[in-house]
Amino acid sequence: MIVVERIRRHFGGFRAVDGASLEVTTGSITGLIGPNGAGKTTLFNVIAGILKPTGGRVYMNGEDVTRLPPHELFGKGLLRTFQVAREFHSLTVRENLMMVPGGQAGERLINTWFRRGLIARGESALGQKADEVLDFLTMAHLANEKAGNLSGGQKKLLELGRTMMVDAKVVFLDEVGAGVNRTLLNTIAGAIMRLNRERGYTFCIIEHDMDFIGRLCDPVICMAEGKVLAQGTMKEIKSNDLVIEAYLGTGSRTVA
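Computed from a prediction, not measured in an experiment: that's the story for all the values here. (Residues numbered from 1 in each chain as written. Predicted model: local features only at pLDDT ≥ 70, side-chain atom pairs only at ≥ 80, totals over all residues. Heavy atoms only, no water.)

A look at unusual backbone geometry
- Look at the link from Asp218 to Pro219: it is a cis peptide, with omega at 10°.
- With respect to the helices, strands and loops of the structure, Pro219 is situated in the loop between helix H8 (210–216) and strand E9 (220–224).
- Positive phi outside glycine occurs at Thr138, with the angle close to 55°.
- Inspection of the secondary structure assignment puts Thr138 in the loop between helix H5 (116–136) and helix H6 (152–163).
- Of note in this structure, Glu175 is not a glycine but carries a positive phi near 50°.
- Turning to its location among the elements, Glu175 is positioned in the loop between strand E7 (170–174) and helix H7 (182–199). (Helix = DSSP H or I, 4+ residues; strand = E, 2+ residues; numbered from the N terminus.)

Quick word on the packing of aromatic side chains
- For the structure on display, the rule yields 2 aromatic pairs.
- Between the aromatic rings of Phe44 and Phe172, the centroid separation amounts to 5.0 Å while the plane-to-plane angle is 85°, which identifies the pairing as edge-to-face. Highlighted residues: Phe44 in helix H1 (residues 40–47) and Phe172 in strand E7, separated in sequence by 128 residues.
- According to the relative accessible area criterion, Phe172 is buried, its value standing at 1%.
- A ring pair is formed by Tyr201 and Phe203, whose centres lie 5.8 Å apart and whose planes are at 35°; its orientation type is tilted.
- The ring of Phe82 has Arg80 sitting right over it, with the charged end atom 4.2 Å from the ring centre.
- If you follow Arg86 out to its NZ or CZ, it ends over the ring of Phe82, 3.7 Å from the centre. (Phe/Tyr/Trp six-rings, centres within 6.5 Å; stacked < 30°, edge-to-face > 60°. Buried < 20%, exposed > 50% of the residue type's maximum accessible area, 1.4 Å probe, protein only. Lys NZ or Arg CZ within 6 Å of the ring centre and 35° of its normal.)

Shown next, in the form of structure tokens:
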């Protein structure tokens, strides 16, 4: 689904991404790991159109999408979440979900004057969709809670729920487990696996929790210093000398 060819992203003389190439196969849950500063988040930002590459190409289903802006990629079903959740903190959880789809009838001024029935029907359908998403994520009891009051893990679940409000095809999750307690992390993992198996979502996940990556992801791709070092199963990655050196700078045979 996603092909990244020799992507480079430089900030002055600093090469944050330095010729990285990888593929995200349709229907997979691909893990992207690497030490801090490896270029993982910068690569995500290039793929999602937030940053323009210094060089290289990005393809989605064979189409060159290298320089498309985020909203056009969103329309094609490419979604990206962030390390720090970006909720509308003063809106309820349900309202946060209802905000996601674009092209709503209420966005056109003429409809607010002459087509209020159309707006009401659209909002009713969106509300029903939001309720289905909340049930799926076992968050129905939080529907009317202000999003700003949620815990870090609950906000990560809400971000995942946002991807369910549109026709997502591939979702890039950036450190979905960061700061999340183990119980909620298991809930997030279960939701990702269900979305993958039952609804055909393709995922690419940045995460430092190796147990989480090992449980969900195949293949696993390791980056360091802006380059892709290795790709394989978690077992293969953990025993790869280049990966061990990147993480530990030693001959130890275990990746922390």
